Each structure stands twice: as structure tokens, then as C-alpha cells.
Amino acid sequence: MNVSRLLSDRVQQMEESATIRMAQRARDLNAQGIHVINLSVGEPDFDTPENIKNAAKEALDQGITHYTPVPGLMELRQAIAEKFKRDNGLEYKAQQIVVSNGAKQSIANVCLALLNPGDEVIIFSPFWVSYPEMVKMAEGVPVMVHAGIEQDFKVDPAQLEAAITDKTKMLLFSSPCNPTGSVYTRQELAAIAEVLEKHPDIVIVSDEIYEYINFGEKHFSIGSLPAMKDRTVTVNGFSKGFAMTGWRLGYIGAPGWLAEACSKVQGQFTSGANAFSQKAAAHAILHEISACTAMRDVFLTRRDLFLDKLRTIPGLKVNQPQGAFYVFPDVSTFFGKKYRDIQINDADDLSEYLLSEAHVSLVSGIPFGAPECIRMSYANAEDEILEAADRIKAALAKLEN
Ligand SMILES: Cc1ncc(COP(=O)(O)O)c(C=O)c1O
């Protein structure tokens, strides 16, 4: 059987998720009895807060186990509308909110609802690995605009301006950012918005899923700028801030016409999200923000401990990420070096080397659009993170010209 003839071009051209692959490699080595420290994960290591679990149990006992309306339970959409107003100064009606099976599906819906073949989507780079794949699946063309560590991985307005063409339909970025942990300030977003004001037909997709893991100034939503409101899709979800990755719930606030289109797409692919997850999520968003804050504080302590150690490693360039739970060092000084017969030419080689030599699993920056970096997640116990930093330091010290 000629499988490559059977499989669609679409799926054959799609990259496998690098973060999921690395996490699997770490699990495989652990199963062989090797203590691999996993810094490749993209999810909080905390359990979902107890009160949220109890709300789901109650919902199950009440028989909330049936299909839900495609865009979500009205109770949850109203709670999200309230949250947008409370936390972000965003006025969305419940009808402008679509709940999906994770923010991943929310973004895929938007791509399918907006893009025609050849439409360009500007993606701020480094970017979350799934963005370009989703754009390509919708037959759009990803256009990367890159910012390195010297600009804290944040794109400036002039770079955005230079990338816009008459085919640009969408701008897509995350803040706080996966993989860099960078957070755009209110002033930086206002400057980005100023450029966009000159191009009224570009839809902004602002992925704010790490909103509650933010160590700097108060989170700011670009959609709350009056000139951006009617053309911004604000993406958020429960996975990161509430430690609810397995509950599969994300959502958007969007202009009514686009919310309707996303709901239409979702109605044919998956229907409404899980019923009892939605009940628990409505409780979480209205009553459990303090649990998010407590987890955020732990992440901040870990970030500082981890950074202190990483800064002692010669050759590793680190900045000070302001959110999420990632550090994204520039490791390019190690390229061209070797240890015994292991040659390090790029970030893939270096992350392989650190896995085999230091037993620390990390993700190469290549799939995030930053071949000079590697992503380290500190969503892991404090002693594991500190031990990992020591192991990385020792392994990097062995590399020579
Ligand atoms: C930037 C970003 N957006 C969206 C998602 C998707 O989250 P979920 O589908 O779990 O809601 C992730 C998950 O890794 C992410 O890092």
C-alpha cells in the first residue's frame, strides 16, 4: 500500500508537535530507569484546585452530561463576559464568546473562519509551534517577524509595518509568550496598534492564555484599545492559569460576525465542549482567581531561583522573562563545539546532547522560529529545576572547540 499516496498533502506537510515529541522522549527514558528531568513540558505541574474539581463533581451528580450548545453553555459565556470586563476592560456580550476544546481549537477555528488560500498571517517570532501549522492547514501563508533576545524577543512597530502587504489578513501573537515568557507592555501594544490603525482590514488574534502567569505590570489586552476593539479576537483558556490542561477548555471574545463563523466551523467539527468541564470553569473564573495567584507566586519564586543558576553558566545568554513558565536562552555560542565525537551544530543537536549527556529534556528553539535558542520550562518541582541547572552547566562545560 502506498501510504504517502493515500495521506493528504495537508497532513504530510504538517510538522509533528516538537514539544509533545520531546515530552514523550523524556517519558521513554524514564521508563528505562534513567532519571530524566523534564523541562520540556508546556503545562503547570500543579493539580487543578480542589474547589474546581468539586464543581465538576457536582455537575456530574446533577446530570450535566449531555451535548452543550456549540458556542458553550450560556452560564459559562456570561461568566467569561464578566471576566473580560473585570480583568481586561473588554466589553463582550455573551453572544460574542465561543468556548472550544482548548485555546488550540479556538485559534484553529479563527484560522478556518478567516483565511482563504494565499492570505498572509503575520506571526510574531519566536512563536508557539502550532500557529504556522494552523495557518497552513487553512491554506494561509505564515509571515514571521522575528525579535531576538537583544530586544527581549518583542517585535517593534517598524518591523510590523515592514511586513504588512495588501495580502495581510491576520496578526497572531501570544503575550505572555510561549516560548519566550516575554510580555508586551501597554505602551508596546499601543505602538503596535498605531501601525494597525493604518491597515483596517487586518484582524488581530491576541493569545492571552498565560494571562494569569504574569510577574510584571498588570496584563493588558490589545483589544481594550478603542480602535482595536472591533477587529481583535481575544483568545484565552483555562489550561495554564487554572492548571486545567486536561479539561480542554479555551475561548475567544470576538466581533459578533466572527464569533458566529467560528461557531459554524466548530459545529461541523466537534460541537460544544465538555459539559461538566464548562460548569466547573464557570465556577473557576468567577470564584477561584486566588488559586491562580497562588500558583503564579510559586512560578515567580522558581523563575528567580532558576535564573540565578542559569546566569552562572558561561556562554549562556538569558534575559528576564516576565511571564508564563519558560526561560528561552540564546545558546548560539555553543554551536561549532563538540564533546568527544558529538558535534553541536544547532539547537536540535544541543537539546539532544543535553538529553543524552545531562538527562535533562528541553525543546530546541527551531520549531519556535528561534534556531539560536532552547526552551526550558520551570513548571517542575524546585529541587528538580535546580538539579537540572547544575546538570546543564556541567554538560555545557564539557563542550570544546
Ligand atoms: C501560546 C499558547 N496558546 C494556546 C495554547 C493551547 O492551550 P489549550 O489548547 O490547552 O487551551 C498553548 C498551549 O500550549 C499555548 O502555549
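All figures in this text were calculated on a predicted structure; none of them were measured in a lab.

Visitor: Help me understand the overall build of the protein, please; the structure alone is not making it clear to me.
Guide: In terms of helices and strands, the protein carries 14 helices and 14 strands. By the compact-globule yardstick of 21 Å for 401 residues, the protein fits well, its C-alpha radius of gyration being 21 Å. Viewed in the frame of its principal axes, the protein has a C-alpha envelope of about 60 × 55 × 55 Å. Split into buried and exposed, the 401 residues of the protein put 55% on the buried side. Contacts in the protein between residues far apart in sequence, at least 24 positions, make up 75% of those at least 6 positions apart. About 17,100 Å² of surface is accessible on the protein, with carbon and sulfur atoms providing 51% of the total. Across the protein, 39 positive and 51 negative side-chain charges occur, with their mean positions spaced 2 Å apart.

Visitor: When you look at helix H6 (residues 103-114) in this model, what are you seeing that I'm missing?
Guide: Two residues of an α-helix separated by three or four positions point the same way, owing to the 3.6 residues in each turn. Helix length check: H6 (12 residues) gives 17 Å between terminal C-alpha atoms against 16 Å at 1.5 Å per residue, within 8%. Of all 12 residues that make up H6, 9 are buried, and the element is covered over most of its length. All buried positions along H6 are accounted for by Ala103, Gln105, Ser106, Ile107, Ala108, Asn109, Val110, Cys111 and Leu114.

Visitor: What exactly am I supposed to notice about the pairing of strand S7 (residues 232-237) here?
Guide: One face of the sheet, then the other: side chains in a regular strand alternate in exactly this way. By the criterion of burial, S7 is predominantly enclosed, with 6 of the 6 residues buried. Here S7 shows no split at all, with Thr232, Thr234 and Asn236 on one side and Val233, Val235 and Gly237 on the other all buried. Inspection of the sheet shows strand S6 (residues 203-207) paired to S7 by 4 bridges, in the parallel sense. Residue pairing in the sheet places Ile204 in a bridge with Thr232 of S7. Relative to strand S8 (residues 250-253), S7 runs antiparallel, the two sharing 4 bridges. Each bridged residue has a counterpart across the sheet, and for Asn236 the counterpart in S8 is Tyr251.

Visitor: What is the right way to look at unusual backbone geometry in this model?
Guide: Negative phi is the rule for most residues except glycine; trans is the rule for most peptide bonds. A cis geometry characterises the amide bond from Ser125 onward to Pro126, with omega recorded as 0°. Note that Pro126 resides in the loop between strand S3 (120-125) and helix H7 (130-137). Of the consecutive residues Asn178 and Pro179, the connecting peptide bond is found in the cis state with omega at 25°. With respect to the element layout, Pro179 can be found in the loop between strand S5 (168-174) and helix H9 (186-197).

Visitor: How should the nonpolar core be read in this particular structure?
Guide: Nonpolar side chains in soluble globular proteins generally cluster together in the buried interior. In this structure, Met170, Leu172, Val233, Phe306, Leu350, Leu354 and Leu396 are the most contacted members of the largest nonpolar core, which totals 79 residues. Shared between two domains, this core takes at least three residues from each, and those domains are domain 1 (3-47 + 291-397) and domain 2 (64-287). Beyond its immediate chain neighbours, meaning those up to four positions away, Val233 contacts Val110, Val203, Ile204, Val205, Ser206, Ile252, Gly253, Ala254 and Leu258. One finds Leu76, Ile97, Val99 and Ala281 within the second-largest nonpolar core, a separate group that totals 27 residues.

Visitor: What should I look at first to understand the site of the ligand in this one?
Guide: With respect to spatial proximity, 13 residues lie near the ligand, and among them Ala103, Asn178, Asp207, Ser239 and Lys240 are the closest. Ala103 has a polar backbone atom sitting 2.6 Å from an oxygen atom of the ligand. A total of 400 Å² of accessible area belongs to the ligand in isolation, and the protein chains cover 93% of it. When its residues are assigned to classes, the shell around the ligand shows 5 nonpolar, 4 polar and 4 charged.

Visitor: How do you make sense of the domain arrangement of the protein when you look at a structure like this?
Guide: Where interface size is given, it is often the accessible area lost as the parts come together that is meant. Domain assignment breaks the protein into domain 1 (3-47 + 291-397) and domain 2 (64-287). Once you take the C-alpha centre of each, domain 1 and domain 2 turn out to be 25 Å apart. Summing both partners gives a buried area of about 2,700 Å² for domain 1 against domain 2, and 63% of it is carried by carbon and sulfur. Ranking the residues of domain 1 by area buried against domain 2 places Cys292, Gln322 and Phe368 at the top, with a combined share of 20%.

Visitor: Just to check I follow, could you spell out the sheet that holds S3 for this structure?
Guide: Hydrogen bonds along the backbone pair up the strands of a sheet, which may run parallel or antiparallel. Spatially, the 7 strands line up as an open sheet ordered S2-S8-S7-S6-S5-S3-S4, and their pairing is mixed. This sheet does not close on itself; its edge strands, each paired only once, are strand S2 (97-100) and strand S4 (141-146). Here the strands of the sheet are splayed against their neighbours by 20° on average, with no regard to which way each runs. Here 6 bridges tie S3 to S4, and the two strands are oriented parallel to one another. Paired with Ser125 across the strands is His146, a residue of S4. In the packing of helix H5 (residues 74-88) onto the sheet, contacts are made with S2, S7 and S8, and the angle to S2 comes to roughly 115°.

Visitor: Can you help me understand a nonpolar patch on the surface in this one?
Guide: A cluster of nonpolar side chains, namely Met1, Val3, Leu6, Leu7, Val11 and Met14, defines an oily patch on the protein surface of about 630 Å² accessible area. The class of Leu7 is partly exposed, set by a relative accessible area of 42%.

The rules behind each value
Residues numbered from 1 in each chain as written. Predicted model: local features only at pLDDT ≥ 70, side-chain atom pairs only at ≥ 80, totals over all residues. Heavy atoms only, no water. Helix = DSSP H or I, 4+ residues; strand = E, 2+ residues; numbered from the N terminus. Rg over C-alpha atoms; globule rule 2.2 N^0.38 Å. Buried < 20%, exposed > 50% of the residue type's maximum accessible area, 1.4 Å probe, protein only. Contact = heavy atoms within 4.5 Å. Areas by Shrake-Rupley, 256 points an atom, 1.4 Å probe, with all protein chains shown as cover. Lys, Arg positive; Asp, Glu negative; His and termini not counted. Charge placed at Lys NZ, Arg CZ, Asp CG, Glu CD. Expected span 1.5 Å × (residues − 1). Pairing = 2+ DSSP bridges. Core = buried A, V, L, I, M, F, W, Y, C linked by side-chain atoms within 4.5 Å. Domains from an automatic or database assignment. Near = heavy atom within 4 Å. Polar contact = N/O pair within 3.5 Å; in protein donor to acceptor, adjacent residues only side chain to side chain. Nonpolar A, V, L, I, M, F, W, Y, C, P; charged D, E, K, R; others polar. Buried area = accessible area lost by both parts, 1.4 Å probe. Axes fitted to C-alpha atoms, helices over the stretch in contact; angles between N-to-C directions. Patch = residues over 30% accessible without salt bridge, like charges linked within 9 Å, V, L, I, M, F, W, Y side chains within 5 Å. Salt bridge = Lys/Arg side-chain N within 4 Å of Asp/Glu carboxyl O.

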